[in-house]
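As a plain string of letters, each chain reads:
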There are 2 protein chains.
Amino acid sequence: MEDNTARFEKLLVKNGLKRTAPRLQVLEILSGRDSATSQPYLEQVMGKDADRVTLYRVLQAFEEKGIIHKVLDQQGTANYAICSDGCSAHEHHDEHVHFNCDNCHKIYCLDTVKIPALKVPAGFKVDRLNLIATGLCASCSDKVN
Amino acid sequence: MEDNTARFEKLLVKNGLKRTAPRLQVLEILSGRDSATSQPYLEQVMGKDADRVTLYRVLQAFEEKGIIHKVLDQQGTANYAICSDGCSAHEHHDEHVHFNCDNCHKIYCLDTVKIPALKVPAGFKVDRLNLIATGLCASCSDKVN
DNA sequence: ATTATATTTGCAACATAATTGCATTAAAAT
DNA sequence: ATTTTAATGCAATTATGTTGCAAATATAAT
Ligand SMILES: [Mn+2]
Ligand SMILES: [Mn+2]
Ligand SMILES: [Zn+2]
Ligand SMILES: [Zn+2]
């Protein structure tokens with residue numbers, strides 16, 4: 001497997017973003033997790049390595065460039081995950097289902113589960129769909145049973 | 001059509017809630033709108049008729065009793081709408097699609113559009129589904145064309 | 001009608017998430 | 001090495017939501 005840092009540096013350059021410590025750190029954290037990561041968690045992990053404001057700006061830049069996508073959980077907290085498919089500055093392709101676990105509160109990107117097309121009342125023009133399923137994740141439903 | 005205030009008073013009593021001015025006012029506002037109403041808007045309209053905290057508590061009580069349901073829009077803002085079907089303190093039945101207009105930012109409860117059942121990976125146990133469609137509402141797509 | 005009770009409200013204080021302006025710093029281009 | 005441009009840090013501010021507690025009020029009991 002290719003060196004992470006080198007890969008991230010390429011990613012930044014490709015998107016016209018400068019190679020800075022806070023940005024590399026955010027990419028490092030996000031890529032090392034199996035579920036979406038909340039802003040509060042990121043803030044806590046980064047600690048004083050970067051200012052709060054910087055974190056917000058890094059996340060915003062990444063989202064605009066199509067590097068990450070934002071998912072709001074049921075409490076309205078922002079969570080971020082690296083985009084898997086070919087998202088770009090001009091268009092996100094993250095129309096997969098998100099699963100929010102009631103127990104561990106993780107948000108999983110269910111990349112394999114596509115959102116079914118929808119029939120809406122006349123006049124409404126659907127641009128994007130956002131489906132959040134809530135319940136117990138595989139790991140938590142295991143433990144309960 | 002029956003007098004609104006009388007109807008609301010019954011609703012409160014039925015749910016073991018006292019008939020108070022802020023509660024009646026919230027019901028009055030919500031029932032007079034064709035789309036979900038944001039907390040900030042409610043706060044603004046109520047002005048100094050009720051304290052911010054009271055508004056939050058009224059909304060919370062209504063939600064718990066199944067009188068209203070909460071929808072978060074794409075910005076994470078809380079929006080509230082009166083429950084149409086038989087929601088109760090023990091269970092909400094609001095699994096309809098919500099439509100968030102990019103132009104007027106209104107959130108419509110599409111009561112007629114049910115969320116299709118979902119096939120999730122093994123182990124995941126779905127409890128609730130929340131589908132938000134974003135785009136242009138009928139009224140706004142009219143104006144654009 | 002008066003009193004007792006349980007609930008609801010308002011206020012103050014606090015917590016957290018997010019944004020803005022601006023001076024400083026640092027990355028990349030020349 | 002110097003210039004240019006982008007990004008960061010800091011301070012201040014706004015918005016959203018919560019908690020504890022005393023005062024007020026709706027309703028039930030007398
Ligand atoms: Mn995702
Ligand atoms: Mn609804
Ligand atoms: Zn879980
Ligand atoms: Zn609209």
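These remarks concern the structure in this document. These numbers were taken from a predicted model, which means no experiment stands behind them.

Cut-offs and rules
Residues numbered from 1 in each chain as written. Chains lettered and ligands numbered in written order. Predicted model: local features only at pLDDT ≥ 70, side-chain atom pairs only at ≥ 80, totals over all residues. Heavy atoms only, no water. Near = heavy atom within 4 Å. Polar contact = N/O pair within 3.5 Å; in protein donor to acceptor, adjacent residues only side chain to side chain. Helix = DSSP H or I, 4+ residues; strand = E, 2+ residues; numbered from the N terminus. Donors = N, O, S within 2.8 Å, 3.2 Å for Na, K, Ca; no water. Tetrahedral: all angles 85-135°; square planar, octahedral: opposite > 155°, others 65-115°. Pairing = 2+ DSSP bridges. Axes fitted to C-alpha atoms, helices over the stretch in contact; angles between N-to-C directions.

**Regarding the protein's contact with DNA strand C**
Okay, so step 1: Near DNA strand C, the surroundings consist of 19 residues, among which A:R52, B:T20, B:R23, B:T54 and B:R57 are the closest.
Okay, so step 2: Here B:K18 contributes a side-chain N or O atom positioned 3.0 Å from a sugar or linking oxygen of DNA strand C.
Okay, so step 3: The contact in question runs from a phosphate oxygen of DNA strand C to an N or O atom on the backbone of B:D51, over 3.2 Å.
Okay, so step 4: Mapped by element, the contributors of at least two residues to the surface near DNA strand C are helix 3 (39-46) and helix 4 (52-65) of chain A together with helix 2 (21-31) and helix 4 (52-65) of chain B.
Okay, so step 5: Among the elements that take part in the surface near DNA strand C, helix 4 of chain A stands out by supplying 4 residues, more than any other.

**What to know about the coordination of the zinc ion (ligand 3)**
All names here are of chain A.
Okay, so step 1: Protein ligation of the zinc ion (ligand 3) involves C101 (SG), C104 (SG), C137 (SG) and C140 (SG), the donor distances falling in the range 2.1 to 2.4 Å.
Okay, so step 2: Every donor counted, the 4 donor atoms about the zinc ion (ligand 3) form angles of 102 to 117° at the centre, which fits tetrahedral coordination.
Okay, so step 3: For the zinc ion (ligand 3), the single-chain donor residues occur in sequence as C-x2-C-x32-C-x2-C. Of this pair, C104 sits in the loop between strand 4 (96-101) and strand 5 (107-114) while C140 sits in helix 5 (residues 138-144); the two residues are 36 residues apart in sequence, bridging distant segments of the chain.

**Points about the sheet that holds strand 6 (residues 125-136) of chain B**
Okay, so step 1: An order of 5(A)-4(A)-6(A)-6(B)-4(B)-5(B) is seen for the 6 strands of this open sheet, with the pairing classed as mixed. Two strands lie at the open edges of the sheet, namely strand 5 of chain A together with strand 5 (107-114) of chain B, each paired on one side alone. Going from strand to strand, the sheet's axes swing by 30° on average, the running direction of each strand aside.
Okay, so step 2: Across 11 bridges, the pairing between strand 6 (residues 125-136) of chain A and strand 6 of chain B is antiparallel. Bridge pairing links A:N130 to B:I132 in strand 6 of chain B.

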